[in-house]
Amino acid sequence: NKTVDPTPYYPGRVIMEHLYRVEMVRRHADEIGLSDRQYEKLRSMVVKVKGEVEQISWDMEREARKLVLLVEKGAKAEAIHAQMDRVFEHENRIKKLHLGLLLSVREVLTAKQRKQLDAIKLKRRGKAQARRSEGKKSRKAAGKLGKKR
């Protein structure tokens, strides 16, 4: 008898365990010894990606408005699906740019810096789990208090 895990599998979560957000690198730049050269490289990558995302976002917004008009006018499903595909193409381009940026960030960092950031992530994850655990205990205690009345 095989049990099915009800939790959906999100590869993004697994992938992000091995990548580093720009904000995290910036926040811990001194701690990990980020060089001026690395900082400038990251900055230029971010500026480039933000510009591209902005352009695609404008195009996606225009295509999304067209989609809404088609639905409001009662267009045939085929036309709506075709327009949805155009919107999704833009969304996918943005997602690819974001993933590409994260991969580039990883490549800019040294192995030592990646290990330091992994340790920071692990520490943060431990603190978050402790807070969730405390919250559950507090809610459980509050529930018991409410029942005694």
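As the structure is a prediction and not an experimental result, all values here were calculated from the model.

Colleague: So, the overall build of the protein: which residues are in play, and what are the values?
Modeller: Secondary structure assignment for the protein yields six helices and zero strands. When its helices and strands are written in sequence order, the protein yields α-α-α-α-α-α. When each of the 149 residues of the protein is scored for burial, the buried share is 23%. For the protein, contacts bridging at least 24 residues in sequence account for 81% of all contacts bridging at least 6. For the protein, the computed accessible surface area is about 12100 Å², with 55% contributed by carbon and sulfur atoms.

Colleague: So what's going on with a nonpolar patch on the surface? Which residues, and what values?
Modeller: Together, Ile 15, Leu 99 and Leu 103 give the surface a local cluster of nonpolar side chains, amounting to about 210 Å² of exposed area. By the element assignment, Leu 103 lies in helix α5 (residues 77-108).

Colleague: Quick one: what's the story with the environment of Lys 121, residue by residue and with numbers?
Modeller: Structurally, Lys 121 is set in helix α6 (residues 111-147). Residues Lys 121 and Tyr 20, 101 residues apart in the sequence, show an inter-C-alpha distance of 9.4 Å. Leave out the neighbours within four places in its chain, and Lys 121 touches Met 16, Glu 17, His 18, Leu 19, Tyr 20 and Met 24.

Colleague: Which residues make up the packing of helix α4 (residues 36-72) against α5, and what values do they have?
Modeller: Between α4 and α5, the least distance of the axes is 9 Å, while the angle of their chain directions is 170°. Taken together, α4 and α5 sit at an angle that is classed as roughly antiparallel. For the contact of α4 with α5, the per-class residue count stands at 20 nonpolar, six polar and eight charged.

Colleague: Residue-level account of α4, with values.
Modeller: In a regular helix each residue adds 1.5 Å, so 37 residues correspond to 54 Å; α4 covers 53 Å between its end C-alpha atoms and thus fits that length. All of the buried residues in α4 are Gln 38, Leu 42, Met 45, Val 46, Val 49, Val 53, Ile 56, Met 60, Glu 63 and Leu 67. At the C-terminal side of α4, Gly 74 shows a positive phi close to 75°.

Cut-offs applied
- Just so you know, the residues in each chain are numbered from 1, in the order the chain's sequence is written.
- Thresholds applied to this predicted model are a pLDDT of at least 70 for local features of residues and 80 or more for the giving and counting of side-chain atom pairs; totals over whole chains, interfaces and linings are not thresholded and use all residues.
- As a rule here, side-chain values cover all heavy atoms of the structure and leave hydrogens and water aside.
- Working definition: helices are DSSP H or I runs of at least four residues, strands are E runs of at least two. Numbering for both runs from the N terminus.
- Using a 1.4 Å probe on the protein chains alone, a residue whose accessible area is under 20% of its type maximum counts as buried, one over 50% counts as exposed, and one in between counts as partly exposed.
- By the convention used here, residues are in contact when the closest approach between their heavy atoms is within 4.5 Å.
- For the area figures, the Shrake-Rupley method with a 1.4 Å probe applies, and any residue is considered shielded solely by the protein chains shown.
- Two joining distances apply to patches: 9 Å for like charges and 5 Å for nonpolar side chains (Val, Leu, Ile, Met, Phe, Trp, Tyr), and every residue must have over 30% relative accessible area and no salt bridge.
- By definition, a salt bridge exists where a carboxyl oxygen of Asp or Glu is found within 4 Å of a side-chain nitrogen of Lys or Arg.
- Axis definition: a line fit to C-alpha positions, over the contact stretch in the case of helices; interaxial angles, taken between N-to-C directions, run 0 to 180 degrees.
- An angle counts as roughly parallel when it lies under 35 degrees, as roughly antiparallel when it exceeds 145, as roughly perpendicular when it falls between 65 and 115, and as oblique in every other case.
- Each residue receives one of three labels: charged for Asp, Glu, Lys and Arg, nonpolar for Ala, Val, Leu, Ile, Met, Phe, Trp, Tyr, Cys and Pro, and polar for the others, Gly being one of them.
- In this scheme, a helix's expected span is set at 1.5 Å multiplied by one less than its residue total.

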